[in-house]
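Observations on the model geometry
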Amino acid sequence: MQIAIDGPASAGKSTIAKLIAKNLNFVYCDTGAMYRTVTLLAKKHNVGYGDTLNILKLMSEHRIHFLNKEDGQHVYLDDEDVSDDIRTEEITNNVSQVSAIKEVRTQLVQMQRDLANDCDIVMDGRDIGTTVLPKAEVKIFLIASVEVRAQRRFKENVERGINTPLKELQDEIAARDYKDSHREISPLKKADDAIEVDTSDMTIEQVVKRVTEIVNEHK
Ligand code: CDP
Ligand code: CDP
């Protein structure tokens, strides 16, 4: 079974996808982490975020892979655990440029499909229901107002000791949504057969309950 969870930045996709995967004993795949890792790869080698040729060269020389540990999914660049390094502001603010590169998407989409080929999976991202797994049995499109999403990210940051002003976070989220929705290749878009869940006024538990109901209806 394939469960696709798409939606804009900070809508709660990874939180919900992880919990659903855990409850169902499915594999979880965070596709955003893959685009973030390619962005980190460019940064580490001083390659411009729009330099397609050199980014592709780096991708052919390095390996991105996941390892599931007790505390969740870790992403590796070759032998290095980069799970934290891919979450910095620098990466967040530049990932949309890298993810708009057609050839980068082609390679990562292939990896994502291979991963989904031989297991039950919950995959979250922007184009899972539309492009990566168009035949997924369950497609969820999670949304929340930009104000609520900025608040959530603000709270998350404070817990990690980061004090970016709320307004800045809101602007960053809105800018990233715009770029992700307006790129030429596989833009962020609700699949025709996806079920939209507006989580603005919902707790994590309520969203998990609603998504579980939807999954059960499709079993
Ligand atoms: O968790 P957050 O909403 O901040 O973003 P993410 O899921 O980690 O994704 C980071 C970025 O990767 C997005 O802003 C998109 O530019 C890109 N992305 C994509 O293009 N396609 C996907 N399937 C997943 C992420
Ligand atoms: O993956 P995505 O960027 O869509 O969002 P996330 O990283 O799963 O969630 C962003 C933040 O919102 C996390 O701190 C979640 O705990 C929080 N959240 C929430 O407060 N209420 C929800 N219904 C969903 C997520």
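This one's a predicted model, so the numbers in the text were calculated from it and none came from an experiment. (Residues numbered from 1 in each chain as written. Chains lettered and ligands numbered in written order. Predicted model: local features only at pLDDT ≥ 70, side-chain atom pairs only at ≥ 80, totals over all residues. Heavy atoms only, no water.)

1. Remarks on a negative patch on the surface
- Among the surface-exposed residues, E70, D71, D81, D84 and D85 lie close enough to one another that they form a single negatively charged patch.
- Note on placement: D84 falls in the loop between β5 (80-81) and α4 (89-99).
- Looking at D84, the relative accessible area reads 65%, which means it is exposed. (Patch = residues over 30% accessible without salt bridge, like charges linked within 9 Å, V, L, I, M, F, W, Y side chains within 5 Å. Areas by Shrake-Rupley, 256 points an atom, 1.4 Å probe, with all protein chains shown as cover. Salt bridge = Lys/Arg side-chain N within 4 Å of Asp/Glu carboxyl O. Lys, Arg positive; Asp, Glu negative; His and termini not counted. Charge placed at Lys NZ, Arg CZ, Asp CG, Glu CD. Helix = DSSP H or I, 4+ residues; strand = E, 2+ residues; numbered from the N terminus. Buried < 20%, exposed > 50% of the residue type's maximum accessible area, 1.4 Å probe, protein only.)

2. A look at the site of ligand 2
- Taken together, 14 residues surround ligand 2, and among them S10, K13, S14, T15 and E156 come closest.
- Within the side chain of K13, one N or O atom sits 2.7 Å away from an oxygen atom of ligand 2.
- Going through the elements one at a time, α1 (13-24), α7 (146-159) and α9 (204-217) are the ones with two or more residues in the shell around ligand 2.
- Residue classes in the shell around ligand 2 are distributed as five nonpolar, five polar and four charged. (Near = heavy atom within 4 Å. Polar contact = N/O pair within 3.5 Å; in protein donor to acceptor, adjacent residues only side chain to side chain. Nonpolar A, V, L, I, M, F, W, Y, C, P; charged D, E, K, R; others polar.)

3. Section: the sheet that holds strand β4 (residues 72-77)
- Ordered by their spatial adjacency, three strands build an open sheet running β3-β4-β5, and the pairing between neighbours is antiparallel. Both outer strands of the open sheet, β3 (64-69) and β5, are each paired with one neighbouring strand and no more.
- When β3 meets β4, the two strands line up antiparallel, connected through six bridges. Within the sheet, the bridge partner assigned to I64 lies in β4 and is L77. (Pairing = 2+ DSSP bridges.)

4. A look at the UniProt feature "binding site: ATP" (unreviewed entry) in the protein chain
- Within this numbering scheme, the UniProt entry marks G7, P8, A9, S10, A11, G12, K13, S14 and T15 as carrying the feature "binding site: ATP" (unreviewed entry).
- As for its position among the elements, P8 is in the loop between β1 (2-6) and α1.
- Residue class for P8 comes out buried when judged on its relative accessible area of 8%.
- Once residues lying within four places of it in the same chain are set aside, the contact partners of P8 are K13, R126, L142, I143, R149, D177 and L188.
- Inspection of the secondary structure assignment puts K13 in helix α1.
- The exposure class of K13 is buried, given its relative accessible area of 7%. (UniProt positions renumbered as here; feature names shortened; annotations may be inferred. Contact = heavy atoms within 4.5 Å.)

5. Quick word on the site of ligand 1
- Residues in close proximity to ligand 1 total 20 residues, the closest being R36, R105, D127, R176 and D180.
- Within the side chain of R36, a nitrogen or oxygen atom sits 2.7 Å from an oxygen atom of ligand 1.
- Within the residue set of the shell around ligand 1, elements represented by two or more residues are α2 (31-44), α4 and α8 (166-182).
- Looking at the shell around ligand 1 element by element, the count peaks at four residues for α2.
- Of the residues that constitute the shell around ligand 1, the class distribution is four nonpolar, six polar and ten charged.

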